[in-house]
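The chain contents come next:
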Amino acid sequence: MFSSQLVQTDYQMLTLLKRCKTLRTLTQLHTQLIKTGLENDPFLTGNLMLHCAINITNAVPYAHSILHYFPNPTAFMYNTLIRGYVESDHPCNALITFNKMRRNRMSHIVCLDSFSFAFVLKAVANMRSWDSGVQVHCLGIVYGLDMHIYVGTTLISMYAECGWIKEARKVFDEMLAPNVVAWNAMITGCIRCCDVEGAEMLYRRMDVKDLVSSNVMLDGFMKSGEVEFAKRMFFEEMDVKDDVSWSTMIVGFSHNGCFGEALDLFVELHRVGLRPNEVSLTGVLSVCAQSGAFEFGKIVHCYIEKCGFVWIRSVNNALLDTYSKCGNIDMARLVFERMHGFKSIVSWTTMVAGLAMQGYGDEALKLFHQMEDSGIKPDGITFISILYACSHAGLIEDGCRYFSMMKNDYGIEPTYEHYGCMVDLYGRAGDLQKAYKFITQMPIKPNAVIWRTLLGACSIHGNVELAEEVQLRLSELDPSDSGDHVLLSNIYAVAGKWKDVATVRKSMTSQGLTKTPGWSMIEVDKIMYSFVAGEKDNEVTKEAYTKLKEIMSRLRVEAGYASEVIGSVLHDIEDEEKEDSLVTHSEKLALAFGMSRLCDGSVIRIVKNLRVCKDCHTFMKLVSNVFGIEIVLRDRSRFHSFRNGSCSCKDYW
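About the cut-offs
Residues numbered from 1 in each chain as written. Predicted model: local features only at pLDDT ≥ 70, side-chain atom pairs only at ≥ 80, totals over all residues. Heavy atoms only, no water. pLDDT = per-residue confidence, 0-100. Contact = heavy atoms within 4.5 Å. Disulfide = S-S within 2.5 Å. Buried < 20%, exposed > 50% of the residue type's maximum accessible area, 1.4 Å probe, protein only. Axes fitted to C-alpha atoms, helices over the stretch in contact; angles between N-to-C directions. Helix = DSSP H or I, 4+ residues; strand = E, 2+ residues; numbered from the N terminus. Parallel < 35°, antiparallel > 145°, perpendicular 65-115°, else oblique. Left-handed = near helix turned anticlockwise from the far one by under 90°. Nonpolar A, V, L, I, M, F, W, Y, C, P; charged D, E, K, R; others polar. Expected span 1.5 Å × (residues − 1). Polar contact = N/O pair within 3.5 Å; in protein donor to acceptor, adjacent residues only side chain to side chain. Phe/Tyr/Trp six-rings, centres within 6.5 Å; stacked < 30°, edge-to-face > 60°. Lys NZ or Arg CZ within 6 Å of the ring centre and 35° of its normal. Salt bridge = Lys/Arg side-chain N within 4 Å of Asp/Glu carboxyl O.

Novice: Mind showing me how you'd approach the confidence of the model for the protein here?
Specialist: A low pLDDT means the predicted coordinates there should not be read in detail. Summing up the model confidence of the protein, the mean pLDDT is 87 and the portion of residues at 70 or higher is 94%. Across residues 565-580, where pLDDT falls below 50, the model places 54 contacts with residues more than four positions away in sequence or in other chains.

Put into structure tokens, the structure is as follows:
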């Protein structure tokens, strides 16, 4: 690629260096430097190292070899290598290079400077190594660089990253004239350490604020759940907003469950003429995925195609997740098959999880093997999806085999999530004793989630004795969880042990425990509507109740439907406030509203925060048959696709 005649001047060399996009072309240029006798030029070699360490993927080891063979490395070369290691998978090598630089400090060429300390402190922050950070700080004091604005700012970030906010604040207070970057670092540190109040006090004290300062505070408010404070700052205090500001608000609304506001803000972003970026697009797609806003998601998809964002892998992955969680696995498959270039492990795992959630266990396993054949090595999250698929499809032997494969073939140590999937696998199949034995033989102490999974299985299969034992374990680990008490009460009720029911409910009252309210959401004309059982204080809810009454009447006449009041307590009745509210559970209200507003032939898509009860499951099947409509219901566990009187889960849920 390069001829020796081309490498004649520094300018020509730098021009050629910019054209190097791979390690192979860079080594060719390095070879020409050696042939022309310029390999010992510190300026040329330093820039070669810089490009190698910063701009070429996985080329830091080559930069290290250049430094190793260079006769008299300069401080710039050492700093470049340290900087390269900071962003690599092995930041500890930055400390090794820094110490080597210290040993050569007697040379007149090498001298530790502010960049040396700032880069190595970033490496320490990435390693979360408090001890190393203190040692570097002490060295900074020895060299008289601790008061340097660049080093001081990095010290603040390092201490905050390690969780030592008091030490970060001490460094900040000792700075003679902190600039806006130092102020922002301190505010960011407070937020990172969950001290939002302290961050806001600093923010209000700033004489000169920039957009970064405001964006940091927006992010802090949203992450701490202070949505109203974030809204006030964004809409009332910020005269200037950039794409980061908008993205922070959209993502923040999503994380705090304010789905409608997130979608509205995305529309407003487009209305004011700003172009959504990668973060805002993935944020709004996350909202669509969580809330089941299928139609809105399709609009975002069209925008992505139109504006050329389809080439961004993270956006594609978010789009794939959206269609999967909105219950349209065919569109998810289409996005997956059309993904340009290399599919990451996130892409494969998201597709596997989507198939698993909708009950396509065999297809999920087939896709897993395709991923292996493509050279992608599965990680722990992939195996959670695979075990989930086996559990929800009743593939017991396959689940056990993949659980063993995870550790034996890939060296992945099981986590609580993997153990929980195995307990769920046995529990759903009705082998409660095997599930219990599995828990008792776990190499790590089972947590409340593990025992709660078994309690749910006891509820499904009506095992009162084992449920009582499991509840004792849960009362030690998480005594304040109301769901455990309600579930045990439901198990007693199904068994006809009403005195025990009363005892459990009385215990809940004495402890001040309340049941988690259930809600369901449905998208109608690109607007999200939420329903909670028992609420009748608005026109939308009244419309839903009126339509539901008509549906119930027709089902009684044509299908002989009668509410299964007692049987319903078998599954998570904590999502409704009273047993007599069974006929108006939130998912029934959402369904009725959808049938009232949507045109014939539309697929009704509902998202519920808790597990659907047995009665509502039966109700949905009957409605799909009598009214000839398709219903897709996503509860906290899985998808249920109702069509022609049957469900995709095949009543195995």
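Novice: Quick question: what am I supposed to make of the state of the cysteines here?
Specialist: In a disulfide, the sulfur atoms of two cysteines are held together by a covalent bond. Overall, the coordinates contain zero disulfides when judged by the stated rule. Lacking any disulfide linkage, Cys 92 is separated from the closest cysteine sulfur, that of Cys 162, by 15 Å. Given the relative accessible area of 37%, Cys 92 is considered partly exposed. Of all cysteine sulfurs in the structure, the one in Cys 390 sits closest to Cys 421, which takes part in no disulfide; the separation is 9.5 Å.

Novice: Got a minute to help me understand the packing of helix 16 (residues 259-271) against helix 18 (residues 294-307) in this structure?
Specialist: Packed helices, taken two at a time, are described by their axes: the angle between them and the distance between them. Orientation of helix 16 relative to helix 18, taken along the N-to-C sense of each, is 30 degrees, at an axis distance of 12 Å. One finds that helix 16 runs roughly parallel with respect to helix 18. Seen from above, helix 16 lies across helix 18 with left-handed handedness. Along the contact surface, helix 16 presents Leu 263, Phe 266, Val 267 and His 270, while helix 18 presents Phe 296, Val 300 and Tyr 303. Partitioning the contact of helix 16 with helix 18 into residue classes produces six nonpolar, one polar and no charged.

Novice: How should the packing of helix 15 (residues 243-255) against helix 17 (residues 278-291) be read in this particular structure?
Specialist: The contact between helix 15 and helix 17 brings their axes to 8 Å, and the two run at 20 degrees. Considering their axes alone, helix 15 and helix 17 lie roughly parallel with respect to each other. Read as a crossing pair, helix 15 and helix 17 show a hand that is left-handed. Only Val 279, Ser 280, Gly 283, Val 284, Ser 286, Val 287 and Gln 290 of helix 17 make contact with helix 15, whose side of the interface consists of Ser 247, Ile 250, Val 251 and Ser 254. Across the contact of helix 15 with helix 17, the residue classes break down as five nonpolar, six polar and no charged.

Novice: Mind showing me how you'd approach unusual backbone geometry here?
Specialist: Keep in mind that most residues, glycine aside, have a negative phi and that most peptide bonds are trans. Residue Arg 128 is not a glycine yet carries a positive backbone phi of 55 degrees. Structurally, Arg 128 is set in the loop between helix 7 (114-127) and helix 8 (130-142). For Arg 128, a relative accessible area of 47% puts it in the partly exposed group. You will see that Asn 644, though not glycine, has its phi angle at about 55 degrees, which is positive. Turning to its location among the elements, Asn 644 is positioned in the loop between strand 5 (639-643) and strand 6 (646-647). Assessed through its relative accessible area of 61%, Asn 644 is described here as exposed.

Novice: In this structure, what is going on with helix 7? I would like to understand it.
Specialist: Each α-helix turn comprises 3.6 residues. Residues three or four places apart therefore point the same way. Its 14 residues place the ends of helix 7 20 Å apart at the C-alpha level, agreeing with the 20 Å of an ideal helix rising 1.5 Å per residue. When you tally the buried positions in helix 7, you get 10 out of 14 residues, the bulk of the element. Residues of helix 7 that are buried: Ser 114, Ser 116, Phe 117, Ala 118, Phe 119, Val 120, Leu 121, Ala 123, Val 124 and Ala 125. Where helix 7 is buried, its residues contact helix 5 (75-86), helix 6 (92-103), helix 8 and helix 9 (149-161). Among the residues of helix 7, the N-terminal cap falls to Asp 113, whose side-chain oxygen and the backbone nitrogen of Phe 115 are separated by 3.1 Å. Positive phi shows up at Arg 128, right after helix 7, with a value of about 55 degrees.

Novice: How should I be thinking about the side chain of Asp 635 in this particular structure?
Specialist: Examined against the element boundaries, Asp 635 turns out to sit in the loop between strand 4 (631-634) and strand 5. In this structure the side chain of Asp 635 is engaged in a polar contact, spanning 3.2 Å, whose partner is the backbone nitrogen of Val 612. Side-chain polar atoms of Asp 635 contact the backbone nitrogen of Arg 638, separated by 2.8 Å. Asp 635 has contacts with Lys 608, Leu 610, Arg 611, Val 612 and His 640, leaving out every residue within four places of it along the chain.

Novice: How should the packing of aromatic side chains be read in this particular structure?
Specialist: Given two aromatic rings, one states the distance between the centres and the angle between the planes to describe the pair. In this structure the tally under the stated criterion is 25 aromatic pairs. Each ring, one from Phe 115 and one from Tyr 150, has its centre 5.7 Å from the other, and the planes form 70 degrees; the classification is edge-to-face. In this pair, Phe 115 sits in helix 7 while Tyr 150 sits in helix 9, placing the two residues 35 residues apart along the sequence. On the accessibility criterion, Tyr 150 (27% relative accessible area) is partly exposed. Measuring from centroid to centroid gives 5.2 Å for Phe 234 and Trp 246, while their planes differ by 90 degrees, and the two rings are edge-to-face. Taken together, the residues Phe 234 in helix 14 (residues 227-237) and Trp 246 in helix 15 connect sequence positions 12 residues apart. Taking the relative accessible area as the measure of exposure, Phe 234 reaches 1% and is therefore buried. Taken together, the ring pairs connect Phe 368, Phe 383, Tyr 402 and Tyr 410 into an aromatic cluster. For the cation-ring pair, Arg 401 lies above Tyr 402, with the distance from its terminal atom to the ring centre recorded as 4.7 Å. Over the face of the ring belonging to Phe 627 we find Arg 554, whose NZ or CZ atom lies 4.4 Å from the ring centre.

Novice: Would you mind going over the pattern of salt bridges with me for this structure?
Specialist: It is possible for side chains of opposite charge to pair when their charged atoms get near one another. Evaluated as defined, the whole model comprises 29 salt bridges. Here Glu 237 and Arg 204 are joined by a salt bridge, their closest N and O atoms 3.0 Å apart. Here the residue Glu 237 occupies a position in helix 14, and Arg 204 occupies one in helix 12 (residues 196-205), the gap between them amounting to 33 residues. With its nearest N and O atoms 2.4 Å apart, the salt bridge here joins Asp 615 to Lys 588. Of the two residues, Asp 615 is situated in helix 34 (residues 614-626) and Lys 588 in helix 33 (residues 586-597); the sequence distance between them amounts to 27 residues. Owing to a relative accessible area of 0%, Lys 588 belongs among the buried residues under this scheme.

Novice: Sorry, what's going on with the environment of Leu 48 here?
Specialist: Assignment of secondary structure puts Leu 48 in helix 3 (residues 42-55). Leu 48 gets classed as buried once you look at its relative accessible area, which sits at 0%. Residues Leu 48 and Leu 26 lie 22 residues apart in sequence; the distance between their C-alpha atoms is 8.1 Å. Residues in contact with Leu 48, not counting those within four places in the same chain, are Met 13, Leu 17, Leu 26, Leu 29, His 30, Leu 33 and Ile 66.

Novice: Just checking my understanding: could you explain the environment of Cys 647 for this structure?
Specialist: Its location among the elements puts Cys 647 in strand 6. In the structure, Cys 647 is positioned 187 residues away from Ile 460 in sequence and 18 Å away in space, judged by C-alpha atoms.

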